[in-house]
Amino acid sequence: MDVTEQTFDDAVLQRSHEVPVVVDFWAEWCGPCHALAPILEGEVAARDGAVELVKVDVDANQGLAAQFGVSGIPAVKAFRGGKMVKDFVGAQSRTSVAAFLDDVLAPPRADTLVEELRASGELPEVVEALDAGDVERALTWIVDAVPAAGDPERERLREVAVALFEQVGQDDPVVSGFRRKLATALY
């Protein structure tokens, strides 16, 4: 499906709350774009609707290309939950595209870690805060626990915090504040 500046919000950002959406930024004159297209289309089709592919012609939609920092094409960007989560630039092999799509479809690292914590009974305060939807409380607990933790636990706390940073989004003000606090506590 071709997407324009007028349809991008609905077709990509809103739709990505239901299913991951991969955006292929391309141009008619771009040879590598034409080489990548059948690979990308085939790999998306092989995932039976688990991910959707849309195309943006950068010549006709220069505002979108600028908005998403497209400086070389083909540029492929994956969206989940209304946010860009993964990308690559340039023609790629079928194996690379398949790995890219598998990464996009994998559960967020934070979700996997929370399930591990729940199963092991580890960091129950963090799990409780996250179950209540309170990421800030979970991060506060993590940062406060770091100074007294031994090396293996410090690494686990760091791992969980970084996964939460990724899930919330690197541009979120809460994340930038806690990233500084975590670095101070760790080092």
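Residue numbers restart at each chain and count upward from 1, following the sequence in its written direction. Local features in a predicted model are, by the rule used here, given only for residues with pLDDT of at least 70; side-chain atom pairs are given and counted only at 80 or more, and totals for whole chains, interfaces and linings are based on all residues. The basis for every side-chain value is the complete set of non-hydrogen atoms in the structure, without hydrogens or water.

A. Molecular detail of the overall build of the protein. Secondary structure is summarised from DSSP: a helix means a run of H or I of at least four residues, a strand means a run of E of at least two, and numbering begins at the N terminus for each. Counting its regular elements, the protein contains nine helices and four strands. Across the protein, helices and strands are ordered from the amino to the carboxyl terminus as α-β-α-β-α-β-β-α-α-α-α-α-α. By its C-alpha atoms, the protein is 60 × 30 × 30 Å across when sized along the principal axes. The cut-offs for exposure are 20% and 50% of the maximum accessible area for each residue type, with area from a 1.4 Å probe on protein chains only; residues under the lower value are buried, those over the upper are exposed, and the others partly exposed. Buried positions account for 43% of the 187 residues belonging to the protein. The contacts in the protein between residues at least 6 apart in sequence include a share of 66% that link residues at least 24 apart. Working note: accessible area of the protein is about 9,700 Å², and carbon and sulfur atoms make up 52% of it. Within the protein, the 33 negative side-chain charges are centred at a point lying 4 Å from the centre of the 17 positive side-chain charges. Here, residues are in contact when the closest pair of their heavy atoms is within 4.5 Å. Surface accessibility follows the Shrake-Rupley procedure with a 1.4 Å probe radius. Residue values consider only the protein chains on display as shielding. For the purpose of charge, His is not counted, nor are the chain termini; Lys and Arg are scored as positive and Asp and Glu as negative. Here the site of a charge means NZ on Lys, CZ on Arg, CG on Asp, or CD on Glu.

B. Fine view of the pattern of salt bridges. By definition here, a salt bridge exists when the distance from a side-chain nitrogen of Lys or Arg to a carboxyl oxygen of Asp or Glu is within 4 Å. Applying the stated rule across the entire model yields 18 salt bridges. Put simply, D103 and K86 hold a salt bridge, and the shortest N to O gap is 3.6 Å. Linking D103 in helix α4 (residues 94–105) with K86 in strand β4 (residues 83–89), this pair joins segments that are 17 residues apart in sequence. Accessibility expressed as a relative area gives 47% for D103, which makes it partly exposed. In this structure, the salt-bridge partner of D131 is R118, at a minimum N-O distance of 2.8 Å. Here the residue D131 occupies a position in helix α6 (residues 124–131), and R118 occupies one in helix α5 (residues 109–120), the gap between them amounting to 13 residues. Counted as one network, the salt bridges with shared partners bring together R109, E116, E122, R156 and E159.

C. Spatial organisation of the state of the cysteines. Sulfur atoms of two cysteines make up a disulfide when they are within 2.5 Å. If you walk through the whole model with that rule in mind, you get one disulfide. A sulfur-sulfur separation of 2.3 Å characterises the disulfide bridge that pairs C30 with C33. Across the disulfide from C30 to C33, rotation about the S-S bond amounts to roughly 80°, and the bridge is consequently right-handed. As far as the burial class goes, C30 and C33 line up, both buried.

D. Quick look at the nonpolar core. The term nonpolar core refers to a set of buried residues drawn from Ala, Val, Leu, Ile, Met, Phe, Trp, Tyr and Cys, joined through side-chain atoms within 4.5 Å. One finds I142, V160 and L164 to be the most contacted residues of the largest nonpolar core, which totals 28 residues. Within the residue set of this core, elements represented by two or more residues are α5, α6, α7 (135–145), α8 (151–168) and α9 (173–186). Apart from residues lying up to four places away in sequence, V160 is in contact with L113, L117, L123, V126 and I142. In terms of nonpolar packing, the next biggest core, distinct from the first, is built from 22 residues, C30, C33, L64 and A65 among them.

E. Just α5, in detail. With twelve residues, α5 extends 16 Å from end C-alpha to end C-alpha; this agrees with the ideal 16 Å at 1.5 Å per step. Every buried residue of α5 is accounted for by A110, L113, V114 and L117. Down the axis of α5, the smallest arc covering the buried residues is 100°, so these residues share one side. Buried residues along α5 sit against α6 and α8. Just downstream of α5 lies G121, where phi reads positive at about 75°. Here, expected helix span is obtained from the residue count minus one, scaled by 1.5 Å. To obtain the arc, one takes the directions from the helix axis to the C-beta atoms.

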